[in-house]
Amino acid sequence: MKEYLSIRPLALAVAAVGGSLSPAVYAQADDAQNYGIEEVTVTARKREESLQDIPVAVSAMGADDMREKGVQSIEDMAGRVPGFQINMFSNSEPDIFMRGIGTDIESAGAAGAIGVFVDEVYISRGAGVTADLFDLQRVEILRGPQGTLYGKNVVGGAISYVTARPQQDFSALAETTLGTYGQAELRGYVTGGLSENVAGRISVSSRQRDGYAKNTYTGNDIETLDNSSVRAQLSWDVSNSLNALLSLDQYRSESTARWRHMSIVSEWNAPFQNDDPRKGPNNEDGVEEGDGQGASLRLEWQGDNLTLTSLTAYRENDSFFKENSAGTFYDFSKSEFENPDDYYVQTKHEVNDQFSQELRLSGSSDNLNWVAGLYYLAESIERNELADFVFYFPEWYWVMEGQDGNRSASDNVSTAAFSQVTYDFSEQWSLTGGLRWSRDDKDFSASHWGIPLNGEPFQDPWQNPGDAQTNAGSAEDSFGAVTKMATVNYRPAKDVLLYATYSEGYKSGGWNGENALSPSDVAIGFDEEFADNHELGIKSRWLDNRLQLNGALFMAAYDDQQIQQLVREGNAPPSYQIANADARARGLELEFVYMPLEALTLSGSYGYLDSEFVSNLDIDGENLKGNKTARSPEHTYNLSAVYAWQLADIGELNARLDYRWQDEFFFDNDNNPLTHVDAQYTLDGSVTLYSADGRWDAKLWGKNLTDELNVASVSEIFGTVFAGYQAPRTVGVTGAWHF
């Protein structure tokens, strides 16, 4: 029979948490009751610990959780973790934000503010983090700077995927899904022993779907999905003390681009707005393609109170993207006066590869746990962009058209040394301290040709139109920091942990280069980004292990935060500018799980966030000081309820509802009212039947049951807003067979 609390949904509002602590709830406590909340094991501090024993704001989602909630990609995790925000412009460009900080800078000379790791291997580019989530043991989301143990580009937090390992005992899973929009999926794995000391595991995933939108000009579906993934692992117990784990994986996506809808139109574009936000004419169906593969070798030697770990990894990604960002049809057989004021077909092709090596030594004694290590990363990134455009300015009866090309490339080497020590003064008190030295050496180049979008001429010695070879410039620089952390723990009772933490984060500087008009422009970069975080937290269990309540109160200072903002220069189309600005964020995060009955599980989380710029920064004649930071809703929460019935000898019937809500927010840092996103919510539900012998299960599910038109991304040009949307209502059935 399935255990009830392999289910750990993530969210509830503060009022609901307060209500669950009412005297009536306490009155239900009874020592005779033998059910409670399961322990969750995480490796957020590079060693296995209970979620309730670590002084870190971390949310964990296990394999059963993800299957039951239908979490199949990083986009599906939105709204399930307090302070976590993700917006998908495309599969190769996920914008991940946490506690008011993130980045949407695409240049090869920039990097993200939220680190993504797969089996402790850092994934350097966005195209590598959007692969399907399948056959995972769990996902851990760490909020706040993780600059000691995780290091590179984790000023806002870290997302850690832990894949399921090979096992000696044979087991297998085959799962298939059929749903609306022609959804057809197949997933599975098989694992078992190949010899007395060798075990293997193979996992596969295939997902296809018709489009959520329709291009009436081509007659084709838009936002189609065609993904396939495979992972093979081999675990070899070389000796009683040494294990080797080899992992190989490959991912491929051949989908079409996201639909862009004119959600708000200027007076000129009003006649071209589609009545249906998911249907209309467009010159392009668009393309979203991606290929990625990687290999890693993990060697782990265990001695008396010592563990030596070597992690060697290589990964490469190739992504291609094409769309008409103007979101409508431009008829070239007619004059500019009979067309929309914007035609913008862009292509983006990025190739990157990375090699990393980490050596880590850890140990423990009765009252001491420590870890120390060295880290090395070499990565190469090349990005090519091309835009065919037509811009019409009705006020001046002026047309600007042409082609704008850009290439940016970066070769980077990162090195680091780190250590973290925890000392237990007593059963109640402990102190943790950590230190990391980081250095990033970057060699950047860029070229720009064609007709610049900002309307300015190229400067000597660059030529116009030129090409990628003639219009080239370069720059190189080194960045570095020493980041620190300190945590004091106090355990006033067996099931209550209180902690106070100070932590720092660092992200290297870089370059944009996309709008450079001369070689000297290429050399203009942006500074390192730093984060200082103060946090008070609690991990607790109550009511005979039937109520789990965790919380964190934080204040964070982001110094020289790297931001990208559209700048409008005169009569020219807007272009992106990258600058550094200081911001401050404060907030509250709560998570709970409550079992009022053995068959009923309630869970939820709530996040409050107040994040704004505190330094003077002039963008396009406007001072951003006092503005809200982008993608920072003030309130977010979600609620989950799961009820299970025993059906005699048939098995167990499980019904669940998941509700996620987020407050309004600004999509850009200039707080443009046109890119303001209203509050929105999503309601999901499912009914699952688990067989009595545990050999099969069948689920009827629905996502976005109320068919809300929720915004995924927005951009604004000349008073017209182009919006991308999250998935519409989908329903389907999933069947799984366990062997």
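Residues numbered from 1 in each chain as written. Predicted model: local features only at pLDDT ≥ 70, side-chain atom pairs only at ≥ 80, totals over all residues. Heavy atoms only, no water.

A. Region of interest: the overall build of the protein chain. Broken down by element type, the protein chain carries four helices and 44 strands. Taken over the C-alpha trace, the protein chain has a radius of gyration of 26 Å; the compact-globule value for 739 residues is 27 Å, and the two agree within 12%. For the protein chain, the spread of C-alpha atoms along the principal axes amounts to about 80 × 55 × 55 Å. Buried positions account for 56% of the 739 residues belonging to the protein chain. Within the protein chain, counting contacts between residues at least 6 apart in sequence, those at least 24 apart form 69% of the total. Between the centroid of the 55 positive side chains of the protein chain and the centroid of its 110 negative side chains there is a distance of 5 Å. (Helix = DSSP H or I, 4+ residues; strand = E, 2+ residues; numbered from the N terminus. Rg over C-alpha atoms; globule rule 2.2 N^0.38 Å. Buried < 20%, exposed > 50% of the residue type's maximum accessible area, 1.4 Å probe, protein only. Contact = heavy atoms within 4.5 Å. Lys, Arg positive; Asp, Glu negative; His and termini not counted. Charge placed at Lys NZ, Arg CZ, Asp CG, Glu CD.)

B. View of the sheet that holds strand β19 (residues 279–280). Strand order across the open sheet formed by three strands is β15-β14-β19, with mixed pairing between neighbours. Edge strands, defined here as strands with exactly one partner in the open sheet, are β15 (220–222) and β19. (Pairing = 2+ DSSP bridges.)

C. Local environment of the side chain of Ser356. Along the chain, Ser356 falls in strand β22 (residues 342–364). The exposure class of Ser356 is buried, given its relative accessible area of 6%. Discounting chain neighbours no more than four positions away, the residues touching Ser356 are Val121, Leu311, Thr312, Ala313, Tyr375, Tyr376 and Leu377.

D. Main features of the packing of aromatic side chains. Counted under the stated rule, the structure contains 24 aromatic pairs. Here the aromatic rings of Phe479 and Trp511 are separated by 6.2 Å at their centres, their planes lie at 65°, and the arrangement is edge-to-face. Of this pair, Phe479 sits in strand β26 (residues 472–493) while Trp511 sits in strand β28 (residues 510–511), and the two are 32 residues apart along the sequence. Take Phe479: its relative accessible area is 8%, and that puts it in the buried class. For Trp511, a relative accessible area of 3% gives the class buried. A network of ring pairs unites the aromatic residues Tyr344, Phe389, Phe391, Phe393, Trp398 and Phe718 as a single cluster. (Phe/Tyr/Trp six-rings, centres within 6.5 Å; stacked < 30°, edge-to-face > 60°.)

E. Spatial organisation of the pairing of β22. Relative to β22, strand β21 (residues 306–324) runs antiparallel, the two sharing 19 bridges. Of the residues in β22, the one forming a bridge with Phe320 is His349. Here β22 runs beside strand β23 (residues 368–393); their pairing, made up of 23 bridges, is antiparallel. Bridge pairing in β23 places Tyr344 opposite Phe389. In textbook terms, the turn of a hairpin is the stretch between consecutive antiparallel strands, and for β22 and β23 this stretch comprises three residues.

F. Examining the nonpolar core more closely. Within the largest apolar cluster, 21 residues are counted, with the highest numbers of intra-cluster contacts made by Met77, Phe84, Ile96, Val139, Ile141, Ile159 and Tyr161. For this core, the elements supplying multiple residues, two or more each, are β4 (84–90), β5 (93–98), β7 (114–118), β9 (136–143) and β10 (157–163). Leaving out residues up to four positions away in the same chain, Val139 has contacts with Ser59, Ala60, Met61, Met66, Met77, Ile159, Ser160 and Tyr161. Counting residues in each nonpolar core, the second largest holds 20 residues, with Val56, Tyr150, Ala158 and Leu377 among its members. (Core = buried A, V, L, I, M, F, W, Y, C linked by side-chain atoms within 4.5 Å.)

G. Structural context of the pattern of salt bridges. In this structure the tally under the stated criterion is 39 salt bridges. Here Arg656 and Glu68 are joined by a salt bridge, their closest N and O atoms 4.0 Å apart. Taken as a pair, Arg656 in strand β37 (residues 651–662) and Glu68 in helix α3 (residues 63–69) lie far apart in primary sequence, 588 residues in all. Classification of Arg656 as buried rests on a relative accessible area of 4%. Judged by relative accessible area, Glu68 falls into the buried class, the value being 9%. Where salt bridges share partners, they join Lys46, Glu120, Arg298, Glu300, Glu358 and Arg360 into one cluster. (Salt bridge = Lys/Arg side-chain N within 4 Å of Asp/Glu carboxyl O.)

H. Structural view of the sheet that holds strand β18 (residues 261–264). In space, the three strands of this open sheet follow the order β18-β43-β42, with antiparallel pairing throughout. This sheet does not close on itself; its edge strands, each paired only once, are β18 and β42 (711–717). When strand polarity is set aside, the average angle formed by the axes of neighbouring strands in this sheet is 40°. Summarising the sheet, β42 and strand β43 (residues 720–725) pair through six bridges and their orientation is antiparallel. When the bridges of β43 are listed, Ser713 appears paired with Gly724. (Axes fitted to C-alpha atoms, helices over the stretch in contact; angles between N-to-C directions.)

I. View of the confidence of the model for the protein chain. Across the protein chain, the average pLDDT comes to 89, with 93% of residues at or above 70. The low-confidence segment residues 1–32, where pLDDT is below 50, has 97 contacts with residues more than four positions distant or belonging to other chains. (pLDDT = per-residue confidence, 0-100.)

J. Here's a closer look at unusual backbone geometry. A positive phi angle is found at Asp544, which is not glycine, with a value near 55°. With respect to the element layout, Asp544 can be found in the loop between β30 (529–542) and β31 (547–567). Judged by its relative accessible area of 40%, Asp544 is partly exposed. Within the chain, Asp560 stands out as a residue other than glycine whose phi angle is a positive 60°. Looking at the element boundaries, Asp560 is found in strand β31. A relative accessible area of 27% places Asp560 in the partly exposed class.

K. Here's a closer look at the side chain of Lys699. The residue Lys699 is located in strand β41 (residues 696–703) in this model. Although Lys699 is buried, it makes no salt bridge; Glu175 carries the closest opposite charge, 6.5 Å away. Side-chain polar atoms of Lys699 contact the backbone oxygen of Arg67, separated by 2.6 Å. If we skip the residues at most four places from it in the chain, Lys699 touches Arg67, Glu68, Gly70, Ser686, Val687, Thr688, Gly732, Val733 and Thr734. (Polar contact = N/O pair within 3.5 Å; in protein donor to acceptor, adjacent residues only side chain to side chain.)

L. Just the environment of Thr103, in detail. Mapped onto the elements of the fold, Thr103 is located in the loop between β6 (101–102) and β7. Owing to a relative accessible area of 11%, Thr103 belongs among the buried residues under this scheme. Remark: the alpha-carbon pair of Thr103 and Val56, spanning 47 residues in sequence, is separated by 23 Å.

M. Structural detail: a nonpolar patch on the surface. A contiguous nonpolar surface patch, about 760 Å² in accessible area, is contributed by Phe170, Val190, Ile202, Val204, Val230, Trp696, Trp737 and Phe739. As for its placement among the helices and strands, Val230 is situated in strand β16 (residues 225–237). Residue classification places Val230 among the partly exposed residues on the basis of a relative accessible area of 34%. (Patch = residues over 30% accessible without salt bridge, like charges linked within 9 Å, V, L, I, M, F, W, Y side chains within 5 Å. Areas by Shrake-Rupley, 256 points an atom, 1.4 Å probe, with all protein chains shown as cover.)

N. The arrangement of the pairing of strand β33 (residues 600–613) in detail. Among the 14 residues of β33, 11 are classified as buried, and the element is accordingly described as predominantly covered. As paired elements, β33 and strand β36 (residues 635–647) share nine bridges and run antiparallel to each other. Bridging across to β36, Leu602 finds its partner in Ala641.

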